[in-house]
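# Observations on the model geometry
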Amino acid sequence: MKKSHLLASLLLAGSMLSAATAAPLAFDFTDPKGVNAVRFHLDSLLEPISGNANGVSGTVSYDPANPRATTGKIVVAAGSAVVSNSVMTDHMLGEQWLDAANHPEIVFELTGLSDVKTEGNNTTATATGKFTLKGITREISVPVRLSYLPGAFGKRINKPEVPGDLLVIRGEFSIQRADYGIKPGQNEDKVNPEIALSLAIVGSPAKG
Amino acid sequence: MPANESPAAADAADSAPAAHSSAAPRATTHPIRLALRLIAAFVFVFGLVYWAGKGAHTGWSMNRVPVTQVDEITEIEFTTYEERFVPGIEWLGGAMALGVLSFGLSFFFRPKENPEV
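Here we summarise the structure given alongside this text.

What counts, and where the lines are drawn
Residues numbered from 1 in each chain as written. Chains lettered and ligands numbered in written order. Predicted model: local features only at pLDDT ≥ 70, side-chain atom pairs only at ≥ 80, totals over all residues. Heavy atoms only, no water. Axes fitted to C-alpha atoms, helices over the stretch in contact; angles between N-to-C directions. Helix = DSSP H or I, 4+ residues; strand = E, 2+ residues; numbered from the N terminus. Parallel < 35°, antiparallel > 145°, perpendicular 65-115°, else oblique. Left-handed = near helix turned anticlockwise from the far one by under 90°. Contact = heavy atoms within 4.5 Å. Nonpolar A, V, L, I, M, F, W, Y, C, P; charged D, E, K, R; others polar. Buried area = accessible area lost by both parts, 1.4 Å probe. Polar contact = N/O pair within 3.5 Å; in protein donor to acceptor, adjacent residues only side chain to side chain. Patch = residues over 30% accessible without salt bridge, like charges linked within 9 Å, V, L, I, M, F, W, Y side chains within 5 Å. Areas by Shrake-Rupley, 256 points an atom, 1.4 Å probe, with all protein chains shown as cover. Salt bridge = Lys/Arg side-chain N within 4 Å of Asp/Glu carboxyl O. Buried < 20%, exposed > 50% of the residue type's maximum accessible area, 1.4 Å probe, protein only. Core = buried A, V, L, I, M, F, W, Y, C linked by side-chain atoms within 4.5 Å.

### Quick look at the packing of helix H2 (residues 31-53) of chain B against helix H3 (residues 89-106) of chain B
Residue and element names in this part refer to chain B.
- Taken N-terminus to C-terminus, the directions of H2 and H3 make an angle of 165°; their axes are 8 Å apart at the nearest point. The pairing of H2 with H3 is recorded here as roughly antiparallel in orientation. Crossing of H2 over H3 shows left-handed handedness. Contact with H2, carried on its side by Arg33, Leu36, Arg37, Ile39, Ala40, Val43, Phe44, Phe46, Gly47, Leu48, Tyr50 and Trp51, involves Ile89, Trp91, Leu92, Ala95, Met96, Leu98, Gly99, Val100, Ser102, Phe103, Leu105 and Ser106 of H3 and no other residues of that element.
- Residues of the contact of H2 with H3, tallied by class, amount to 18 nonpolar, 4 polar and 2 charged.

Written as structure tokens, this is what we have:
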């Protein structure tokens, strides 16, 4: 009788531990090292307009045992977008283009992953979600690659004793600026209507 | 110098004094004309040398220069910016235009006529 109680307790403890380890992990994308950024690229007269926006924040819930269940939201501060020329940067943030003063956030809210393929700690998928730019929200699908790096957090902050995992998200997609009210039908001979965006961001263990 | 002579004709007269006879009036270069041409030459040379020396960038001028770095652990490529000025093609064009303007203006300052002593 005592043996069966012990076995039951062990099984219960084991299942609780298993449940605990299988729980989704929360990752915070406000990077302490300032690496996170979204790059943008538009063809234009003379040379392409390229720059990046590094004001990335947001959280993603990721379950290494079930990547398909990933949820989350990534926010980019519109005002953090810069190009190499300061006059062009001011122009880009102005009312005619991004209107960063009135629409300070660019948001991607993940609603689901499809075509999920996992190999080791790497998962490729198509992320579908609501993308909001300049106050206009549209549903888009973005091919993404998720790399789960267990135990790499401490190493990255030069404190190997600190536990924690990292989640790297990479993706490339393009949008039509007219779809988001950015000079629709205007200046298309000078600035390409298509904006190419690429994302490479790392999430650290979320506090709390 | 006749009043209806063009600035270019006046310039030709200025540049060929040796062809005149000793009895003809001698033209001397107007000081402003000389100054404008020196400025034009300086702007041309300085503009070209400065632009070439800063990398001969054929795009727009840059106030900050992107530098690509790689995060060791995640292998994420990210961009930082060095705060320095790199003149672009419009800067070179501006310098050349200023040089041309200065040179063009110099034609409006005609040589002074001095009777030979």
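Having seen the structure, we can now continue with the description.
### Brief notes about the interface of chain B and chain A
- On the chain A side, the residues contacting the 20 residues of chain B number 25 residues.
- Roughly 1800 Å² of surface becomes buried between chain B and chain A when both sides are summed, with 55% attributable to carbon and sulfur atoms.
- When the buried surface of chain B facing chain A is broken down by residue, Trp60(B), Ile73(B) and Ile76(B) rank first, second and third, together holding 34% of it.
- In this structure, the connection of chain B to chain A is made through 11 residue pairs in polar contact (both at pLDDT 80 or more).
- When residues of the side of chain B that touches chain A are traced back to their parent elements, those giving at least two are strand E2 (62-70) and strand E3 (77-86) of chain B.
- Examining the composition of the side of chain B that touches chain A, we find that 5 residues originate from one element, E2(B), more than from any other.
- Per-class residue counts for the side of chain B that touches chain A are 8 nonpolar, 8 polar and 4 charged.

### Description of a nonpolar patch on the surface
- There is a patch of nonpolar side chains on the surface, built from Leu98(B), Leu101(B), Leu105(B) and Phe108(B) and spanning about 430 Å² of accessible area.
- Here Leu98(B) falls in the partly exposed class, since its relative accessible area comes to 48%.

### So, the nonpolar core
All names here are of chain A.
- Counting residues in hydrophobic clusters, the biggest one holds 45 residues, and the most contacted among them are Phe29, Phe131 and Leu167.
- Phenylalanine 131 has contacts with Ile106, Val107, Phe108, Ile136, Thr137, Arg138, Ile140, Phe173, Ile175, Tyr180 and Leu197, leaving out every residue within four places of it along the chain.
- Core analysis: the next-biggest nonpolar cluster, separate from the first, contains 9 residues, Val35, Ala152, Phe153 and Val168 among them.

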